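# Notes for the structure review
Each chain is listed here by its residues.
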Amino acid sequence: MSSPTSTPTAFRTAIVPAAGLGTRFLPTTKAVPKELLPVVDTPGIELVAAEAAEAGADRLVIVTSPDKKAVTDYFQPSPDLEHTLESRGKDDLLRKVQRAPQLINAETALQDKALGLGHAVGCAEANLGEDDDAVAVLLPDDLVLPTGVLRRMAEVRAQHGGSVLCAFEVPDERIRSYGIFDASDTDEEDVKRVRGMVEKPEPADAPSNLAAAGRYLLDRAIFDALRRIEPGAGGELQLTDAVALLISEGHPVHVVVHRGGRHDLGNPGGFLKAAVDFALADPEYGPDLRDWLAERIDRS
């Protein structure tokens, strides 16, 4: 376990749990993994991988089920396709096809049964090297915008040690939908020391309005904690229970309050919002889409 005075250590491995069935996107996810559904023309899993690489990761461990090999295959080169595009002079498309394989080294950890987020993270332990003092965990359903919060979390870990999570403020009417942090102030406005966490409380009972986002920078001690917690409902191991155990043992845990935006790719409604947001920002599609949306809204 690191201490608050330890030498700053950058993480090099990012874990992405991606073994879910994608039931909210059925029937499409009978054949296409949810993580490969395109936000405009780029799968969500690539957007998350790019965020991890931007923060310094060079390895992506995708925790997936045996029948979702396509998610990891997406990060492998496609020599025949690349040759065809190159020979036809389609350089822009060639760069897009080559982008993911050049972004980060992706590998797989298998999760045979869906036994909770904690179990999924634990499945990646065997992929780590001796130098992995900390790992990032990115939930692929969450797009945290603008990117950069992982770098800030790494700075907070270098200063305080331990583990660092990402939080965002939610209005009272949405508190019951999230895990809410019980946290105290530090000398920095958007950095809080975590005392505990309450899952989906009523607004009147909530310790704060700081909700957990899908970004974690976890000390390697998390894997030992995952082995020591008890399964909850359905035999699932919850990552928050392991974090709570570490807190009870004096392990420093902080949150960085993110002031940007967020898209939830885990349901069709959130996915559509992300697609529209990204398309509006695209110089090729944005102007025409903006005009069409204005006209369409006027007709509704």
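The structure displayed is predicted, hence computed values, not measured ones. (Residues numbered from 1 in each chain as written. Predicted model: local features only at pLDDT ≥ 70, side-chain atom pairs only at ≥ 80, totals over all residues. Heavy atoms only, no water.)

## Regarding the pattern of salt bridges
Formally: For this analysis, a salt bridge means a side-chain nitrogen from Lys or Arg found within 4 Å of a carboxyl oxygen belonging to Asp or Glu. Helix and strand assignments come from DSSP, with helices taken as H or I runs of at least 4 residues and strands as E runs of at least 2, each series counted from the N terminus. Accessible area is worked out with a 1.4 Å probe on protein chains only. A residue is then buried under 20% of its type maximum, exposed over 50%, and partly exposed in between.
This structure, assessed with the given rule, holds 22 salt bridges. With a closest N to O distance of 2.7 Å, Lys 96 and Asp 41 form a salt bridge. In this pair, Lys 96 is assigned in helix H4 (residues 91–103) and Asp 41 in the loop between strand S2 (38–39) and strand S3 (42–43), connecting sequence segments 55 residues apart. The exposure class assigned to Asp 41 is partly exposed, which follows from its relative accessible area of 35%. Linking Arg 195 and Asp 182 is a salt bridge whose minimum nitrogen-to-oxygen distance equals 2.8 Å. In this pair, Arg 195 sits in strand S10 (residues 191–199) while Asp 182 sits in strand S9 (residues 179–185), placing the two residues 13 residues apart along the sequence.

## Some words on the nonpolar core
Put simply, the rule reads: Remark: nonpolar core denotes a set of buried residues (Ala, Val, Leu, Ile, Met, Phe, Trp, Tyr, Cys) joined through side-chain atoms within 4.5 Å. In this analysis, two residues are considered to be in contact whenever any of their non-hydrogen atoms come within 4.5 Å of each other.
By size, the foremost hydrophobic cluster in this structure holds 47 residues, and its most contacted members are Leu 60, Phe 75, Leu 138, Met 153 and Leu 217. When residues in this core are grouped by element, the largest group, five residues, is from helix H6 (residues 149–160). Ignoring anything within four residues of it in the chain, the contact list for Leu 60 reads Ala 14, Val 16, Ala 49, Phe 75, Ile 104, Asn 105, Ala 106 and Glu 107.

## Things to note about the packing of helix H9 (residues 268–280) against helix H10 (residues 286–299)
Definition in use: In this analysis an axis means a line fitted to C-alpha atoms, helices contributing only their contacting stretch, and an angle means the value between N-to-C directions, from 0 to 180 degrees. Should an angle lie under 35 degrees it is considered roughly parallel, over 145 roughly antiparallel, and from 65 to 115 roughly perpendicular; all remaining angles are considered oblique. Each residue is assigned to one of three groups, with Ala, Val, Leu, Ile, Met, Phe, Trp, Tyr, Cys and Pro labelled nonpolar, Asp, Glu, Lys and Arg labelled charged, and all others, Gly among them, labelled polar.
At their nearest, the axes of H9 and H10 sit 8 Å apart, and the two run at 125 degrees to each other. Looking at the two axes, H9 sits oblique to H10. Side by side, H9 and H10 meet where Val 276, Ala 279 and Leu 280 of the first sit next to Gly 286, Leu 289, Arg 290 and Leu 293 of the second. Classifying every residue of the contact of H9 with H10 gives five nonpolar, one polar and one charged.

## Some details on the packing of aromatic side chains
Rule in force here: Working definition: rings of Phe, Tyr and Trp (its six-membered ring) pair if their centres are within 6.5 Å, and the pair is stacked with planes under 30 degrees apart, edge-to-face with planes over 60 apart, and tilted otherwise.
A full pass over the atoms with the stated rule returns three aromatic pairs. Look at Phe 25 and Phe 271: their rings are 5.7 Å apart centre to centre, the planes differ by 75 degrees, and that puts the pair in the edge-to-face class. Of this pair, Phe 25 sits in the loop between strand S1 (13–17) and S2 while Phe 271 sits in helix H9, and the two are 246 residues apart along the sequence. Comparing Phe 25 with Phe 271 shows no difference in burial state: the two are buried. Measuring from centroid to centroid gives 5.5 Å for Tyr 74 and Phe 75, while their planes differ by 90 degrees, and the two rings are edge-to-face. Overall, the relative accessible area of 3% leaves Phe 75 in the buried class.

## What to know about the UniProt feature "domain: Nucleotidyl transferase" (unreviewed entry) in the chain
Quick note on the threshold: UniProt positions are given in the numbering used here, feature names are shortened, and annotations may be inferred rather than shown by experiment.
Residues given the UniProt feature "domain: Nucleotidyl transferase" (unreviewed entry) here are residues 14–277. Within residues 14–277, the helical portion is 32% and the strand portion 27%, while the C-alpha atoms at the span's ends are 26 Å from each other.

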